Amino acid sequence: MRSEQPVQSVGPEQPEQPEQPGEPGEPGEPEESGADTPGKQDESGGPDGPDAAADGRRRLRSALWPLRISRGQLVVAVLLFSLGLALAIQVRSTNDHDQLRGARQEDLVRILDELDSRQQRLQQEKTQLEQSMAQLENSSNQAKEAQEQTRKKAAELGVLAGTVRATGPGIVLTIDDPQGQVKADMLLDTLQELRAAGAEAIQINDVRVVAGTYFTDASSGGVQIDGKDVSQPFRFTVVGNPQDLTPALNIPGGVVRTLENHQARATITQQQKVVVDALAVPRQLQYGKPAAK
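Cut-off values and rules
Residues numbered from 1 in each chain as written. Predicted model: local features only at pLDDT ≥ 70, side-chain atom pairs only at ≥ 80, totals over all residues. Heavy atoms only, no water. Pairing = 2+ DSSP bridges. Helix = DSSP H or I, 4+ residues; strand = E, 2+ residues; numbered from the N terminus. Axes fitted to C-alpha atoms, helices over the stretch in contact; angles between N-to-C directions. Contact = heavy atoms within 4.5 Å. Patch = residues over 30% accessible without salt bridge, like charges linked within 9 Å, V, L, I, M, F, W, Y side chains within 5 Å. Areas by Shrake-Rupley, 256 points an atom, 1.4 Å probe, with all protein chains shown as cover. Salt bridge = Lys/Arg side-chain N within 4 Å of Asp/Glu carboxyl O. Buried < 20%, exposed > 50% of the residue type's maximum accessible area, 1.4 Å probe, protein only. Polar contact = N/O pair within 3.5 Å; in protein donor to acceptor, adjacent residues only side chain to side chain. 1 Å grid on protein atoms, 1.4 Å probe; cavity = no way out; pocket = protein on both sides within 12 Å on 5 of 7 lines; lining within 4 Å. Points joined across faces, edges and corners; volume = space filled by probe spheres on them. Nonpolar A, V, L, I, M, F, W, Y, C, P; charged D, E, K, R; others polar. pLDDT = per-residue confidence, 0-100.

### Some thoughts on the sheet that holds strand β3 (residues 207–209)
Overall, antiparallel pairing links the 5 strands, which are arranged β3-β2-β7-β1-β8 in an open sheet. The open sheet has two edge strands with one neighbour each: β3 and β8 (265–276). Averaged over all neighbouring strand pairs, the angle between strand axes comes to 20°, with direction disregarded. In this sheet, β3 lies alongside strand β2 (residues 201–204) in antiparallel orientation, the contact comprising 3 bridges. Looking at the pairing, I204 lines up with V207 of β3. Sitting on the sheet, helix α6 (residues 184–196) touches β1 (166–176), β2, β3 and β7 (234–239), and the angle it makes with β7 is about 15°. Across the face of the sheet, helix α7 (residues 242–249) comes into contact with β1, β7 and β8 while running at roughly 20° to β1.

### Concerning a nonpolar patch on the surface
A cluster of nonpolar side chains, namely V76, L80, L83 and L87, defines an oily patch on the protein surface of about 390 Å² accessible area. Tracing the sequence through the fold places L87 in helix α2 (residues 71–96).

### Observations regarding the side chain of T190
Residue placement: T190 occurs in helix α6. Of the residues examined, T190 reaches a relative accessible area of 1% and is grouped as buried. A polar contact of 2.9 Å, which involves the side chain of T190, links it to the backbone oxygen of M186. Sequence-distant contacts of T190, that is, excluding residues within four places in its chain, are made with L173, F236, L249 and V255.

### Regarding the layout of surface pockets
A water-sized probe rolled over the atoms picks out the places where empty space is left. Quantified by volume, the largest pocket comes out at close to 1,000 Å³. Looking at the largest pocket, it is lined by 29 residues, and the ones nearest its centre are E125, Q128, K153, E156 and E200. Mapped by element, the contributors of at least two residues to the lining of the largest pocket are α4 (105–138), α5 (142–161) and β1. Its residues assigned to classes, the lining of the largest pocket comprises 10 nonpolar, 11 polar and 8 charged. Considering the residues around the second largest pocket, the lining is formed by 15 residues, among which V210, D226, A280, V281 and R283 are closest to the centre.

### A closer look at the pattern of salt bridges
Following the criterion strictly, the structure yields 2 salt bridges and no others. With a closest N to O distance of 3.8 Å, E156 and K153 form a salt bridge. With E156 and K153 both in helix α5 and 3 residues apart, this pair spans about one turn of that helix.

### Examining the confidence of the model for the chain
A residue-level look at the chain finds 70% of positions with pLDDT of 70 or above and a mean pLDDT of 76. Below a pLDDT of 50 lies the segment residues 1–12, which in the model reaches 0 contacts outside its immediate sequence neighbourhood of four places, other chains included. Confidence drops under pLDDT 50 across residues 21–45; counting only partners more than four residues distant or on other chains, this segment forms 6 contacts.

And the structure:
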């Protein structure tokens, strides 16, 4: 009996398998990255290829241009601009009051007192006008009363117009300017501050100050008032309430501080009686005429 041997198929010899690389991290064996390694771009133009980037840029350009602005977007833009403008104005207004923020308590109290004094003066003037009107309405001889009121008013207007002398309590402000730094605009600021504090008659050196008074810087380096040369020291003779005039000049950032910053010295003297005796020449009006009611 023959024993059956297993039949072996004869075929081509299997190629010798290459030696498998060692474990990653062994010295001398580079670690291969797999096909799914992040960051590897498909050079065939796949989803992460240059074609996709170019397509994205085209879509971005088409979305941005031409501009498409709706009505709602325009309204929002206008509202935002208005809000920004309001904030800028508020910031500027806040910066304008920085001097008052840094002022001392006594300076703030002085400013408030000055504002109260101005209000009282306006109230007194209103009361006087109401009394004059009541006298005219209730007087048995209205013609005579009207004549008396007219005479008083003419005297007051003469003081304001500078055609009559004025006397009363007030102050004398002397400005010494050895460096020649005081200019016309500084004298004008001083005048405006005095008027705001209730000055009724003002004289600078020998020039009467009226409504049409103007200041200019002379070519020689001095100051001219109404075309007349005025040399320093500048002397303001002012009729008014000294308790109102003096604090108005000494407020923080006011006239006295400004003059001191320009190397000038301001001296204020309160007096029970000052005399404003310089007279202004009235000007003939060429164009203005009283308007009919």
